[in-house]
Amino acid sequence: GLNGIRFIAGAALHVEQSRISRFGAANGNGILFAPSAASELYVSDTIISENGTGTTGNGILIQPTGSGSAKVVLSRTNVSNNIVGVKVANAAGAGAINVVVANSVVSGNAIHGILVDAAATGIQVMVDGTTVAHNPNRGVQAFGAAVSTVRLSNSNITGNGTGTLAVGGGSIVSFGNNRI
């Protein structure tokens, strides 16, 4: 299959104590969370690895469609050795996206660890107590024509091509207690 889990409609998706790996097709994702209405995603105690191929695909892709919005919590999750670890993106007309990545590891992905790409309304991401390491391009990147904000607290960001990068309207805010 193209995606380990593909969520396009419903109130919420809960993924617990799972392993999602080797969905290696172009644009393959461990989890594709693309709701068309307001929805929630909760991932805990899960390993997501080796998804995507070449330069496309993600461990977790959070990308609501239409006017969809997302509330997401990733807790105690290991997202490693994918093309991009965690990608959060939206399109014109999409609703708000709020993501928390807590006590997790995002490492060894082929391009980026955490990529936030706001093409429309702003995206808010909180990274707390998380290690983002050994991603050859960017550890954490906030990008977009619309404002996207990544807040970092008590996290380790090390061994990446570039630790953090905010471009094109994106911003990265540190609570001052990170190790970068």
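Residues numbered from 1 in each chain as written. Predicted model: local features only at pLDDT ≥ 70, side-chain atom pairs only at ≥ 80, totals over all residues. Heavy atoms only, no water.

What follows concerns the overall build of the chain. Tallying secondary structure elements over the chain gives 0 helices and 20 strands in all. The C-alpha atoms of the chain give 14 Å as radius of gyration, which agrees with the globular expectation for 180 residues (16 Å, within 12%). Expressed as lengths along the three principal axes of its C-alpha atoms, the size of the chain is roughly 40 × 30 × 30 Å. The buried share of the chain, reckoned over its 180 residues, is 48%. (Helix = DSSP H or I, 4+ residues; strand = E, 2+ residues; numbered from the N terminus. Rg over C-alpha atoms; globule rule 2.2 N^0.38 Å. Buried < 20%, exposed > 50% of the residue type's maximum accessible area, 1.4 Å probe, protein only.)

Locating Gly108 in the fold gives a position in the loop between strand 12 (105-107) and strand 13 (112-118). Once the C-alpha coordinates of Gly108 and Pro136 are considered, the two residues, 28 residues apart in sequence, prove to be 7.7 Å apart.

A few words on the packing of aromatic side chains. Tallied over the entire structure, the rule returns 1 aromatic pair. Between Phe7 and Phe33 the ring centres are 4.9 Å apart and the planes differ by 20°, which places this aromatic pair in the stacked class. Of this pair, Phe7 sits in strand 1 (residues 3-7) while Phe33 sits in strand 4 (residues 29-33), and the two are 26 residues apart along the sequence. Of the two residues, Phe7 and Phe33, neither departs from the other in class, the shared state being buried. (Phe/Tyr/Trp six-rings, centres within 6.5 Å; stacked < 30°, edge-to-face > 60°.)

Moving on: unusual backbone geometry. The phi angle at Asp45 is positive, at roughly 50°, despite the residue not being glycine. One non-glycine residue, Glu50, adopts positive backbone phi at about 60°. Turning to its location among the elements, Glu50 is positioned in the loop between strand 6 (47-49) and strand 7 (58-62).

Strand order in this open sheet of 7 strands is 2-5-8-11-14-17-20, and the pairing throughout is parallel. The outermost strands of the open sheet, each flanked by one partner alone, are strand 2 (12-16) and strand 20 (170-174). Going from strand to strand, the sheet's axes swing by 10° on average, the running direction of each strand aside. The pairing of strand 2 with strand 5 (residues 39-44) spans 5 bridges and is classified as parallel. Opposite Leu13, over in strand 5, you have Leu41 as the bridge partner. (Pairing = 2+ DSSP bridges. Axes fitted to C-alpha atoms, helices over the stretch in contact; angles between N-to-C directions.)

Under the counting rule described, the total for this entry stands at 2 salt bridges. The salt bridge partner of Glu50 is Arg22, with a shortest N-O separation of 3.1 Å. Residue Glu50 is located in the loop between strand 6 and strand 7, and its partner Arg22 is located in the loop between strand 3 (19-21) and strand 4; the two are separated by 28 residues in the primary sequence. By relative accessible area, Arg22 is classed as exposed at 62%. A salt bridge links Arg76 to Asp45; the shortest N-O distance between them is 2.8 Å. (Salt bridge = Lys/Arg side-chain N within 4 Å of Asp/Glu carboxyl O.)

With that out of the way, let us pick up the nonpolar core. Phe33 and Ile62 are the most contacted members of the largest nonpolar core, which totals 34 residues. Other than its neighbours up to four places away in sequence, Phe33 contacts Phe7, Leu13, Ser39, Glu40, Leu41, Leu61, Ile62, Gln63, Pro64, Ala70 and Val72. (Core = buried A, V, L, I, M, F, W, Y, C linked by side-chain atoms within 4.5 Å. Contact = heavy atoms within 4.5 Å.)

Locating Ser80 in the fold gives a position in strand 9 (residues 78-80). The residues contacting Ser80, other than those within four sequence positions of it, are Ile48, Ser49, Glu50, Val105, Ser107 and Asn109.

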